[in-house]
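Given next are the chains, with one letter for each unit.
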Amino acid sequence: MLKGNSVVSISDIGKDEMFELFKLADSYSRSVEQGQKIDSLHGSIMATFFYEPSTRTRLSFESAMHRLGGSVISVSEAKSSSVAKGETLADTVRMAASYSDIIVIRHPMDGAAKLARKFSSKPIINAGDGSGQHPTQTLLDLYTIRKELSGIDGKEITMLGDLRYGRTVHSLLLALSEFDVRINLVSPPLLRVPQHILDQVSSRIRIRVTENLNDVISESDVLYVTRIQKERFTDETEYNSVIGSYIVNSEIASTMKKNSIIMHPLPRVNEISPEVDADPRAAYFRQAANGIPVRMALLSMILGGK
Ligand code: NCD
């Protein structure tokens, strides 16, 4: 159940609840479009802690809270060193829990949100923990697929790029394993999905692993492109060996199905050429826009607003 609870992993949200959330997001999307004023979270305070760079996630969380009539307090410190130690994070969270009703946290350490939950008397939302998970991105990714392709079941989804360090890929893959989908994982060998995640999903869905995008592109309903997560590499030579591995340009897009979509959690560096932006199948900016109604629905369901 979401009410009063944390979202640290995508598995914290059941499938039924996810669809309830999507319906609520649809209705918020209409209300925002029509300029209706919503005041359901008036008096509630959300605290955001972003210890890693963020544009979309932070702004859309803050915008979502404002749109619901709530307030936002935030701390942003790009230098993560002082909070990288568990002890300090614990203290920060204890304090924040007494200042707010819900805490949104992004942190460079895998497991940071889980640790934060341990010390918080208020719900914690994981807005990205190192190369762990990014569950709210997954909610908006699934919402986007459902909206753009009228459903998720039956689809063939290709994930491309940095599947090793990309946290959006990890939580999306875990979530998709609850659906009737086919998955293609396309990456250089160095950037394959970690084994512990594959172990959790491979008995439930059909997964094909390849280095060659051409093997799967023409069959894909969704091409989910990711950025090589430069900041996660400890070895620069390794990074240099994989930069520019895949670049989606118009030529590649021309081999895709007519009613397929191209997604990307953003920010992109060079993995999708700007020439693709004008293609109606380029869904990444629509995907980013979906972050608002989806996060409104999530905040509302956790904090119990109507
Ligand atoms: C992603 C992230 O932070 O994991 N960005 C986002 O939240 N939209 C993807 C990335 O940084 O490449």
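Residues numbered from 1 in each chain as written. Predicted model: local features only at pLDDT ≥ 70, side-chain atom pairs only at ≥ 80, totals over all residues. Heavy atoms only, no water.

Q: Would you mind going over the overall build of the protein in detail, with residue names and values included?
A: Looking only at helices and strands, the protein features eleven helices and nine strands. A globule of 306 residues ought to have a C-alpha radius of gyration of about 19 Å, and the protein, at 19 Å, matches this closely. With the principal axes as the frame, the protein shows a C-alpha extent of 55 × 45 × 35 Å. Within the protein, the fraction of its 306 residues that count as buried is 56%. At a minimum sequence separation of 6, the contacts of the protein that also span at least 24 residues come to 73%. (Helix = DSSP H or I, 4+ residues; strand = E, 2+ residues; numbered from the N terminus. Rg over C-alpha atoms; globule rule 2.2 N^0.38 Å. Buried < 20%, exposed > 50% of the residue type's maximum accessible area, 1.4 Å probe, protein only. Contact = heavy atoms within 4.5 Å.)

Q: So what's going on with the pairing of strand β5 (residues 156-160)? Which residues, and what values?
A: Buried residues dominate β5, accounting for five of its five residues. Of the two faces of β5, both are covered, the one formed by E156, T158 and L160 as well as the one formed by I157 and M159. Across five bridges, the pairing between β5 and strand β6 (residues 182-186) is parallel. Of the residues in β6, the one forming a bridge with L160 is V186. Viewed along the sheet, the connection from β5 through helix α6 (residues 167-176) into β6 turns out right-handed. In the sheet, β5 pairs with strand β8 (residues 222-225) via four bridges, with the strands oriented parallel. Looking at the pairing, L160 lines up with V225 of β8. (Pairing = 2+ DSSP bridges. Right-handed = clockwise from strand over helix to strand, strands pointing away.)

Q: Just give me the short version of the pattern of salt bridges, but keep the residues and values in it.
A: Evaluation of the coordinates by the stated rule reveals 13 salt bridges. A salt bridge links E178 to R204; the nearest nitrogen and oxygen atoms lie 3.1 Å apart. Here E178, found in the loop between α6 and β6, pairs with R204, found in the loop between α7 (195-201) and β7 (206-210); they are 26 residues apart in sequence, far enough to count as distant. Given a relative accessible area of 43%, E178 falls into the partly exposed group. The class for R204 is partly exposed, based on a relative accessible area of 45%. One network of salt bridges, in which partners are shared, links E52, R167 and R232. (Salt bridge = Lys/Arg side-chain N within 4 Å of Asp/Glu carboxyl O.)

Q: Give me the lowdown on the packing of helix α5 (residues 135-149) against helix α11 (residues 291-303), citing residues and values where you can.
A: When two helices pack together, you describe them by how their axes are tilted relative to each other and by the distance separating the axes. Where α5 contacts α11, the axes come no closer than 9 Å and their chain directions differ by 120 degrees. In terms of their interaxial angle, α5 and α11 are classed as oblique. Judged by the twist between their axes, the crossing of α5 over α11 is right-handed. In contact with T136, Q137, L139, L140 and Y143 of α5, α11 contributes G291, V294, R295 and L298. (Axes fitted to C-alpha atoms, helices over the stretch in contact; angles between N-to-C directions. Parallel < 35°, antiparallel > 145°, perpendicular 65-115°, else oblique. Left-handed = near helix turned anticlockwise from the far one by under 90°.)

Q: Explain the nonpolar core to me, and be specific about the residues and the numbers.
A: Among the nonpolar cores identified, the biggest contains 59 residues, and L21, L142, M159, L176, L298 and L299 are the most heavily contacted of them. Top element by residues in this core is α11. It accounts for eight residues. Counting only domains with at least three residues in this core, you end up with domain 1 (10-132 + 291-303) and domain 2 (135-288). Among all residues touching L299, those that are not within four sequence positions of it are L41, M46, F61, A64, M65, L68, I102, I125 and G304. L160, Y246, L266 and I272 belong to the second largest nonpolar core, which has 17 residues in total. (Core = buried A, V, L, I, M, F, W, Y, C linked by side-chain atoms within 4.5 Å. Domains from an automatic or database assignment.)

Q: Account for the domain arrangement of the protein, naming residues and giving values.
A: If you check the domain split of the protein, you get domain 1 (10-132 + 291-303) and domain 2 (135-288). For domain 1 and domain 2, the distance between their C-alpha centroids amounts to 24 Å. Facing 28 residues of domain 1, the contacting portion of domain 2 comprises 24 residues. Here domain 1 meets domain 2 over a buried area of about 2,200 Å², counting both sides, of which 61% is carbon and sulfur. Linking domain 1 with domain 2 are three salt bridges. (Buried area = accessible area lost by both parts, 1.4 Å probe.)

Q: Let's hear about the pairing of β6: which residues, and what values?
A: Burial of β6 is extensive: four of the five residues sit out of reach of the surface. Pairing of β6 with β7 involves five bridges; the strand directions are parallel. Counterpart to V186 in the pairing with β7 is T210. As a crossover connection, the stretch from β6 through α7 into β7 is right-handed.

Q: Can you lay out the site of the ligand for me, pointing to particular residues and giving the numbers?
A: Every residue close to the ligand is listed here: T57, R106, H134, Q137, R167, T168, R227, Q229, P265, L266 and P267. In this structure, an oxygen atom belonging to the ligand sits 3.0 Å away from a side-chain N or O atom of R106. A distance of 2.8 Å is found between an oxygen atom of the ligand and a side-chain nitrogen or oxygen belonging to Q229. Considering the ligand on its own, with 320 Å² of exposed area, one finds that the protein chains cover 94% of that surface. For the shell around the ligand, a count of residues per class yields three nonpolar, five polar and three charged. (Near = heavy atom within 4 Å. Polar contact = N/O pair within 3.5 Å; in protein donor to acceptor, adjacent residues only side chain to side chain. Areas by Shrake-Rupley, 256 points an atom, 1.4 Å probe, with all protein chains shown as cover. Nonpolar A, V, L, I, M, F, W, Y, C, P; charged D, E, K, R; others polar.)

Q: Can you break down the sheet that holds β6 residue by residue, with the values?
A: Remark on secondary structure: sheet strands pair via backbone hydrogen bonds, oriented parallel or antiparallel. Strands sit in the order β7-β6-β5-β8-β9 across an open sheet of five strands; the sheet is parallel. The open sheet has two free edges, formed respectively by β7 and β9 (261-263), since each of these has just one partner strand. Each strand of the sheet is rotated relative to its neighbour by a mean of 20 degrees, with strand direction disregarded. Sheet strands in contact with α5 are β5, β8 and β9, and its direction is about 170 degrees off that of β9. Here α6 sits on the sheet in contact with β5, β6 and β8, set at roughly 160 degrees to β5.

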